[in-house]
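What follows is the residue order along each chain.
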Amino acid sequence: MNRSYIIIGIVFVCTAVFCYGLIPSASLKYFWKRRSRKRVKEGKAGRRLYLTFDDGPSRAYTGQLLCLLKQYQIKASFFVVAKFARENADLIEWMKEEGHLVGIHSVQHKNALFRGRRFVYKDLGESARTLENMGCHVRYYRPPWGHLNLWTLLFIRNRQLRLILWDVMANDWSGRETAESIREKILNRVFPGAVLCLHDGRGTNGAPQRTIDALRESIPVLIERGYSFERMDAYEY
């Protein structure tokens, strides 16, 4: 009998874990990609791309990226880590001056998959307040690694935040990638209406520099292919 109770307990815990964090995270990613395919099929996507950048701002890399985007008059969306934003307030101001969208990406880039109510409430609240105190109108949120839980969904709804995921990754955070391999992934994986998730902070062995170098080569090619670039607030749901 005791063994049966143990088995039942294990099954209950595993089910709770899946329903609390894993299923919401996986389901939202699935429906995001499904909606993207539907937009393309129905011809709603146009020849637009949405460049988004996570994990910054970075003193070493974000300025370079902003200069590159200005060169091509591209407006992008930055999902910033609140801790880094406080340390680099001038870069946030630069983003605003250049007309980029600034969203939140947690306080310290901690995974919320199995975190509780208190953590999620504090993380979202502090992230939003940090950016609002810098003059940003916070409406968009991307969770680190795309991981969230039921409390996350409740609190982003209460704060009237819009959850942003992605369609295209280039693995640009990895130390195994080169500027050339990132460039090829970008050019081979994009499609009309795609949301690209890249990084201007963190990563392995100076990874954001490889991302910037890859964009220097891939942006002109994408423009030649007839693509234009928009912020996430122009994304048609």
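In this text the structure is predicted, and so the values were computed from the model without any measurement.

Caption draft 1: Structural context of the pattern of salt bridges. Counting across every chain of the model gives twelve salt bridges. Between Glu-87 and Lys-83 there is a salt bridge, and its shortest N-O distance comes to 2.8 Å. Of the two residues, Glu-87 and Lys-83 are both situated in helix H3 (residues 82–87); the distance of four residues between them amounts to about one turn of the helix. On the basis of relative accessible area, Lys-83 is assigned to the partly exposed category, the value being 31%. The partner of Arg-231 in a salt bridge is Asp-233, and the shortest N-O contact between them spans 2.4 Å. Residue classification places Arg-231 among the partly exposed positions, given a relative accessible area of 23%. Residue classification places Asp-233 among the partly exposed positions, given a relative accessible area of 34%. Residues participating in the shared-partner salt-bridge network are Arg-183, Glu-184 and Glu-217.

Caption draft 2: Representation of the layout of surface pockets in the model. By volume, the largest pocket is sized at about 220 Å³. Lining the largest pocket are 15 residues, and of these Asp-55, His-109, Trp-145, Trp-173 and His-199 lie nearest its centre. In this model, the second largest pocket occupies a volume close to 170 Å³.

Caption draft 3: Layout of the side chain of Arg-39. As for its placement among the helices and strands, Arg-39 is situated in helix H1 (residues 2–41). Take Arg-39: its relative accessible area is 5%, and that puts it in the buried class. Excluding residues within four positions of it along the chain, Arg-39 makes contact with Lys-44, Ala-45, Tyr-50, Gly-193, Tyr-235 and Glu-236.

Caption draft 4: Structural context of the environment of Lys-41. Structurally, Lys-41 is set in helix H1. Using a relative accessible area of 76% as the deciding quantity, one classes Lys-41 as exposed. Separated by 97 residues in the primary sequence, Lys-41 and Val-138 place their C-alpha atoms 31 Å from one another.

Caption draft 5: Fine view of the environment of Pro-208. Of note, Pro-208 is situated in helix H8 (residues 207–224). Distance in space between the C-alpha atoms of Pro-208 and Leu-198 is 8.5 Å, their sequence separation being ten residues. Those residues in contact with Pro-208, other than ones at most four positions away along the chain, are Tyr-61, His-199, Asp-200, Gly-201 and Arg-202.

Caption draft 6: Looking closely at the pairing of strand E1 (residues 48–54). Counting buried residues in E1 gives seven out of seven residues, a clear majority hidden from the surface. The side-chain alternation of E1 yields two buried faces, one formed by Arg-48, Tyr-50, Thr-52 and Asp-54 and the other by Leu-49, Leu-51 and Phe-53. Two elements, E1 and strand E8 (residues 228–229), share two bridges in a ladder whose sense is parallel. Bridging from a neighbouring strand, Arg-48 pairs with Ser-228 of E8. By the bridge criterion, five bridges tie E1 to strand E7 (residues 195–199) in an arrangement that is parallel. Paired with Tyr-50 across the two strands is Val-195, which belongs to E7. Inspection of the sheet shows E1 paired to strand E2 (residues 77–80) by three bridges, in the parallel sense. Among the inter-strand pairings, Asp-54 is bridged to a residue of E2, identified as Phe-79. Between E1 and its parallel partner E2, the chain crosses via helix H2 (residues 62–71), and the hand of that crossover is right-handed.

Definitions and limits used
- Residues numbered from 1 in each chain as written.
- Predicted model: local features only at pLDDT ≥ 70, side-chain atom pairs only at ≥ 80, totals over all residues.
- Heavy atoms only, no water.
- Salt bridge = Lys/Arg side-chain N within 4 Å of Asp/Glu carboxyl O.
- Helix = DSSP H or I, 4+ residues; strand = E, 2+ residues; numbered from the N terminus.
- Buried < 20%, exposed > 50% of the residue type's maximum accessible area, 1.4 Å probe, protein only.
- 1 Å grid on protein atoms, 1.4 Å probe; cavity = no way out; pocket = protein on both sides within 12 Å on 5 of 7 lines; lining within 4 Å.
- Points joined across faces, edges and corners; volume = space filled by probe spheres on them.
- Contact = heavy atoms within 4.5 Å.
- Pairing = 2+ DSSP bridges.
- Right-handed = clockwise from strand over helix to strand, strands pointing away.

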